[in-house]
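Letter by letter, the chains look like this.
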Amino acid sequence: MGGPLAGRVALVAGATRGAGRGIAVQLGAAGATVYVTGRTTRLQRSEMNRPETIEETAELVDAAGGRGIAVQVDHLVPDQVRDLVARIDREQGRLHVLVNDIWGATTMEWNKSVWESTLEIGLRTLRLAVDTHAITSHFAIPLLIRHPGGLVVEVTDGTDEYNATTYRVSFFYDLAKAAVNRMAFALAHELPPHGATALSLTPGWLRSEAMLDAYGVTEERWRDATRISPHFAISESPAYVGRAVAALAQDPDVSRWNGKSLSSGQLAKVYGFTDLDGSQPDAWRYLTEVQDAGKPADVTGYR
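The shown structure was predicted, so the numbers you read here are calculated from the model rather than taken from an experiment.

**Student:** How would you explain the overall build of the protein chain if you had to name every residue and give the values?
**Tutor:** Broken down by element type, the protein chain carries 10 helices and seven strands. Relative to a compact globule of 303 residues, whose C-alpha radius of gyration would be 19 Å, the protein chain shows 18 Å and is just as compact. Seen through its C-alpha atoms, the protein chain measures out along the principal axes to roughly 55 × 45 × 40 Å. Burial status across the protein chain gives 55% buried among its 303 residues. For the protein chain, the proportion of contacts with a sequence separation of at least 24, taken over those separated by at least 6, is 71%. Carbon and sulfur atoms provide 53% of the accessible area of the protein chain, an area that totals close to 13,000 Å². Distance from the positive charge centre (30 side chains) to the negative charge centre (36 side chains) of the protein chain: 2 Å.

Structure below.
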């Protein structure tokens, strides 16, 4: 393997599909060895009941030029996460990048207050979005800080700035996504004495496999979905946020971002990477200035 991240080891927790898969593949494209985890394998599906598997993600990492290693892990089970990190230590003796992208919620109740929500569903959302990240960091960070220069990326939905002023559709979803940003803030206070950096990162309107299915389109003809939802024109592929993480992992001055809440569109302007179509969508600025402002869909100047 060659590339700027050759010899580097990454763990992308929650890499079965979506942003996690995009991140794993782009780290592989830069030459990294990437452990990709999730619950769905070719032999067993998670509660999400989708066809994407961790083995497919690992194969995509290999095809991109890296080395993908698929490990089935339920990140709500501490013993499984402990065993995962012990395996990485045994096989590699180090960990340079930890990406917490675990989510996996199957049922969401949108536009419901806390008292209208089904408590079981809401608490399950918090467990999948928050507990998984905390459990993974608890076990993985001791290996990551064994050598200076480590990077922890907490993947969420929405920047701190956007989430601080925008109600995110429901009580439990709002709380879950704000909590992940706060995790990065807390880690940013704990990691610098060990020479490591923590930050939170959000993609924009992500063209995940599930989102493409919802609109009845493929990645090759995603623009057809703008006939249903015109603002979908600002959407981005999972590769875009993947390239953001790969750029961060290569940055010798990555500590400048410690504790920051970042977006793929913001980092594209700093590092110069693009989405697959060569554009640089800036979704969060667009959402604030166009969609949330009630203006007609127009991505001019935003991608």
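**Student:** So what's going on with the packing of aromatic side chains? Residues and values would help.
**Tutor:** Enumeration according to the criterion identifies nine aromatic pairs in this entry. Measuring from ring centre to ring centre gives 5.2 Å for Trp205 and Phe232, while their planes differ by 80°; the resulting arrangement is edge-to-face. Residue Trp205 is found in the loop between strand E6 (197–202) and helix H7 (209–215), and its partner Phe232 is found in the loop between H7 and helix H8 (238–250); the two are separated by 27 residues along the sequence. Neither Trp205 nor Phe232 differs from the other in exposure class; each is buried.

**Student:** Pulling in residues and values, what's your account of the pairing of strand E1 (residues 9–13)?
**Tutor:** Most of E1 sits out of view: five of its five residues are buried. Burial of E1 is two-sided: the residues Val9, Leu11 and Ala13 facing one way and the residues Ala10 and Val12 facing the other way are all buried. Bridging between E1 and strand E2 (residues 33–38) involves five bridges; their strand directions are parallel. Within E2, the position partnered with Val12 by the bridge is Val36.

**Student:** Account for the sheet that holds E6, with residues named and values stated.
**Tutor:** In spatial order, the strands read E3-E2-E1-E4-E5-E6-E7; together these seven strands make up an open sheet with parallel pairing. If you trace the sheet from one side to the other, it starts and ends with strand E3 (67–72) and strand E7 (261–263), each paired once. Averaged over all pairs of adjacent strands, the angle between strand axes in this sheet comes to 20°, irrespective of strand direction. Alignment of E1 against strand E4 (residues 97–100), held across four bridges, turns out to be parallel. Paired with Val12 across the strands is Val99, a residue of E4. With respect to the sheet, helix H2 (residues 54–64) is in contact with E2 and E3, its orientation differing from that of E3 by roughly 170°.

**Student:** Talk me through the pattern of salt bridges; I want residue IDs and the actual numbers.
**Tutor:** All chains considered together, the criterion is met by 24 salt bridges. Close ionic contact of Asp157 with Arg168 constitutes a salt bridge, the shortest N to O distance being 2.9 Å. Taken together, the residues span a long stretch of sequence, with Asp157 in the loop between strand E5 (151–155) and helix H5 (160–165) and Arg168 in the loop between H5 and helix H6 (171–190) at a distance of 11 residues. Exposure class is identical for Asp157 and Arg168. Each is buried.

**Student:** Outline H6, listing residues and values.
**Tutor:** Taking 1.5 Å of rise per residue, 20 residues should cover 28 Å, and H6 covers 29 Å from first to last C-alpha, within 8% of that figure. Three or more residues of H6 are buried, namely Phe172, Tyr173, Ala176, Lys177, Val180, Asn181, Met183, Ala184, Leu187 and Ala188.

**Student:** How would you sum up unusual backbone geometry? Please name residues and give values.
**Tutor:** Notably, Asn49 is not glycine yet its phi reads approximately 55°, a positive angle. One can find Asn49 in the loop between E2 and H2. Phi at Val169 takes a positive value of approximately 80°, unusual for a residue other than glycine. For Val169, the position within the fold is in the loop between H5 and H6.

**Student:** Could you give an account of empty space enclosed by the protein, with specific residues and numbers?
**Tutor:** Inspection of every chain in the model, using the stated rule, returns one cavity of 30 Å³ or more. When its volume is computed, the largest cavity comes out at roughly 50 Å³. For the largest cavity, the full set of lining residues is Met108, Glu109, Ser117, Thr118, Ile121, Gly122, Thr125, Ser170 and Phe172. Ranked by the residues each element gives to the lining of the largest cavity, the list is headed by helix H4 (residues 119–144), at three residues.

**Student:** How would you explain the nonpolar core if you had to name every residue and give the values?
**Tutor:** Among the nonpolar cores identified, the biggest contains 37 residues, and Leu27, Val34 and Leu201 are the most heavily contacted of them. In terms of residue count, H8 provides more of this core than any other element does, eight residues in total. For Leu27, the residues in contact, after removing those within four places along its chain, are Leu5, Ala10, Val12, Ala32, Val34, Val245, Ala246 and Ala249. Counting residues in hydrophobic clusters, the runner-up holds 23 residues, among them Val73, Phe139, Leu143 and Val152.

The rules behind these values
Residues numbered from 1 in each chain as written. Predicted model: local features only at pLDDT ≥ 70, side-chain atom pairs only at ≥ 80, totals over all residues. Heavy atoms only, no water. Helix = DSSP H or I, 4+ residues; strand = E, 2+ residues; numbered from the N terminus. Rg over C-alpha atoms; globule rule 2.2 N^0.38 Å. Buried < 20%, exposed > 50% of the residue type's maximum accessible area, 1.4 Å probe, protein only. Contact = heavy atoms within 4.5 Å. Areas by Shrake-Rupley, 256 points an atom, 1.4 Å probe, with all protein chains shown as cover. Lys, Arg positive; Asp, Glu negative; His and termini not counted. Charge placed at Lys NZ, Arg CZ, Asp CG, Glu CD. Phe/Tyr/Trp six-rings, centres within 6.5 Å; stacked < 30°, edge-to-face > 60°. Pairing = 2+ DSSP bridges. Axes fitted to C-alpha atoms, helices over the stretch in contact; angles between N-to-C directions. Salt bridge = Lys/Arg side-chain N within 4 Å of Asp/Glu carboxyl O. Expected span 1.5 Å × (residues − 1). 1 Å grid on protein atoms, 1.4 Å probe; cavity = no way out; pocket = protein on both sides within 12 Å on 5 of 7 lines; lining within 4 Å. Points joined across faces, edges and corners; volume = space filled by probe spheres on them. Core = buried A, V, L, I, M, F, W, Y, C linked by side-chain atoms within 4.5 Å.

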